[in-house]
Amino acid sequence: MGLSMTSTFIKPMHPEGRKFVAIFAAITVVLFLVAEILGWIGVGATVWCYYFFRDPERVTPKGDNLVISPADGIISLIEPAVPPAELGMADTPLTRVSVFMNVFNCHVNRSPVAGEVTAIAYRPGKFFNASLDKASEDNERNSLRIQMADGRDIAVVQIAGLVARRIVCFTKQGAHIQAGQRFGLIRFGSRLDVYLPQGVEPRVSIGQTMVAGETVLAELS
């Protein structure tokens, strides 16, 4: 029972967060020297930083025809849109499903499908609120094109938000990736866009809560 309770409340932290937790902890020590109340505020901030970089295990549903949510958060937009031009896909509008992550969500990103990463393209940009529609066009972003076994492509785009200043991508062009596999991380507060193949309709609604690597976004026809 003790082990179960521990695993419930204490999640593993992604290595990307170690230096930030160390910085927060060092600042907390200084704050305690200044005033005890400030030190306890620092403790709270350090705990939040650890929590932000948590990286829990996820159980991905089985099925080659499933598109899985790449991020924790809520569905903020579902609309037709042309995939980022830098991915080299056709300029035909596809259904874009946007998952908005606030600063309390887990920010580890996972692949929505299994396939080969045929293109990765980073583009610098602005830092508008990631929940806004214009964030897809104007904000800093990192885009992946994944070709599935049936030859169809899915695009997944990491978009920096209002306070996010760093997009991290763990995979490389040419890599074969599994559905639910970790491929990146964004800090702090951001958004993931998924461009579904032509004719594929989402199985989610605006405002619905997503769990990265577990919630089904769509079924491929």
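Preceding this section is the structure that the text describes.
These notes cover the structure that comes with them. Since the model is a prediction, treat every value here as computed from it, not as a measurement.

Conventions we followed
- Residues numbered from 1 in each chain as written.
- Predicted model: local features only at pLDDT ≥ 70, side-chain atom pairs only at ≥ 80, totals over all residues.
- Heavy atoms only, no water.
- Axes fitted to C-alpha atoms, helices over the stretch in contact; angles between N-to-C directions.
- Helix = DSSP H or I, 4+ residues; strand = E, 2+ residues; numbered from the N terminus.
- Parallel < 35°, antiparallel > 145°, perpendicular 65-115°, else oblique.
- Contact = heavy atoms within 4.5 Å.
- Nonpolar A, V, L, I, M, F, W, Y, C, P; charged D, E, K, R; others polar.
- Pairing = 2+ DSSP bridges.
- Buried < 20%, exposed > 50% of the residue type's maximum accessible area, 1.4 Å probe, protein only.
- 1 Å grid on protein atoms, 1.4 Å probe; cavity = no way out; pocket = protein on both sides within 12 Å on 5 of 7 lines; lining within 4 Å.
- Points joined across faces, edges and corners; volume = space filled by probe spheres on them.
- Salt bridge = Lys/Arg side-chain N within 4 Å of Asp/Glu carboxyl O.
- Polar contact = N/O pair within 3.5 Å; in protein donor to acceptor, adjacent residues only side chain to side chain.
- Core = buried A, V, L, I, M, F, W, Y, C linked by side-chain atoms within 4.5 Å.

### Some remarks on the packing of helix 2 (residues 18–34) against helix 3 (residues 36–52)
Then step 1. The N-to-C vectors of helix 2 and helix 3 enclose an angle of 170°; their axes lie 7 Å apart at closest approach. Comparing the axis directions of helix 2 and helix 3 gives the class roughly antiparallel. Listed contacts from helix 3 to Phe20, Val21, Phe24, Ala25, Thr28, Leu31, Phe32 and Val34 of helix 2 are Glu36, Leu38, Gly39, Trp40, Gly42, Val43, Ala45, Thr46, Trp48, Cys49 and Tyr50.
Then step 2. A class-by-class count of the residues in the contact of helix 2 with helix 3 yields 14 nonpolar, four polar and one charged.

### Some words on the sheet that holds strand 11 (residues 190–195)
Then step 1. Taken in spatial order, the eight strands of this open sheet run 9-5-6-7-11-3-2-12, and their pairing is antiparallel. At either margin of the open sheet sits one strand with a lone partner, and together these are strand 9 (176–177) and strand 12 (209–210).
Then step 2. In the sheet, strand 2 (residues 73–81) pairs with strand 12 via two bridges, with the strands oriented antiparallel. Following the sheet pairing, isoleucine 74 is matched in strand 12 by threonine 209.

### Looking at the environment of isoleucine 120
Then step 1. With respect to the element layout, isoleucine 120 can be found in strand 5 (residues 115–123).
Then step 2. Classification of isoleucine 120 as partly exposed rests on a relative accessible area of 28%.
Then step 3. Sequence-wise, isoleucine 120 and serine 143 are 23 residues apart; in three dimensions their C-alpha atoms are separated by 5.6 Å.
Then step 4. Not counting residues within four places of it along the chain, the set of residues in contact with isoleucine 120 comprises Asn142, Ser143, Leu144, Cys169, Thr171, Lys172 and Gln173.

### Observations concerning the sheet that holds strand 8 (residues 166–169)
Then step 1. The three strands are arranged 4-10-8 in an open sheet whose pairing can be described as antiparallel. The open sheet has two edge strands with one neighbour each: strand 4 (108–110) and strand 8. Averaged over all neighbouring strand pairs, the angle between strand axes comes to 20°, with direction disregarded.
Then step 2. The pairing of strand 4 with strand 10 (residues 182–187) spans three bridges and is classified as antiparallel. Bridging across to strand 10, asparagine 109 finds its partner in glycine 184.

### Considering the layout of surface pockets
Then step 1. The computed volume of the largest pocket comes to approximately 360 Å³.
Then step 2. Taken together, the residues of the lining of the largest pocket break down into 10 nonpolar, four polar and three charged.

### A look at the pattern of salt bridges
Then step 1. The full count for this structure, using the stated rule, is 11 salt bridges.
Then step 2. A salt bridge links arginine 96 to glutamate 79; the nearest nitrogen and oxygen atoms lie 2.4 Å apart. Taken together, the residues span a long stretch of sequence, with arginine 96 in strand 3 (residues 94–101) and glutamate 79 in strand 2 at a distance of 17 residues.
Then step 3. For aspartate 193, the salt bridge is made with arginine 191, and the minimal N-O distance between the two is 2.9 Å.
Then step 4. Among the charged side chains, a network of salt bridges with common partners joins Asp55, Glu57, Arg110 and Arg182.

### With respect to the side chain of asparagine 109
Then step 1. The residue asparagine 109 is located in strand 4 in this model.
Then step 2. Here asparagine 109 falls in the buried class, since its relative accessible area comes to 0%.
Then step 3. Within the local environment of asparagine 109, its side chain forms a polar contact with the side chain of glutamine 158, the two groups lying 2.9 Å apart.
Then step 4. Ignoring anything within four residues of it in the chain, the contact list for asparagine 109 reads Pro70, Ala71, Met101, Gln158, Gln181, Arg182, Phe183, Gly184, Leu185, Ile186 and Leu192.

### With respect to the nonpolar core
Then step 1. With 27 residues, the main nonpolar core has Val67, Ile75, Val156, Leu192, Val194, Leu196 and Leu217 as its most contacted residues.
Then step 2. Broken down by secondary-structure element, the contributors of at least two residues to this core are strand 3, strand 6 (141–147), strand 7 (153–160), strand 10, strand 11 and strand 13 (216–219).
Then step 3. Setting aside residues no more than four positions away along its own chain, valine 67 makes contact with Pro112, Val113, Ile154, Val194, Leu196, Thr215, Val216, Leu217, Ala218 and Leu220.
Then step 4. Grouped together as the second largest cluster of nonpolar side chains are 10 residues, Leu87, Ala121, Val157 and Ile159 included.

### Focus: the side chain of threonine 60
Then step 1. Tracing the backbone through its elements, the reader meets threonine 60 in the loop between helix 3 and strand 1 (66–68).
Then step 2. Look at threonine 60 and you get buried, because its relative accessible area is 17%.
Then step 3. Here glycine 213 takes part through its backbone oxygen, which lies 2.8 Å from a polar atom of the side chain of threonine 60.
Then step 4. In this structure threonine 60 touches Ile68, Ala179, Gly180 and Gly213, once residues within four positions along its chain are discounted.

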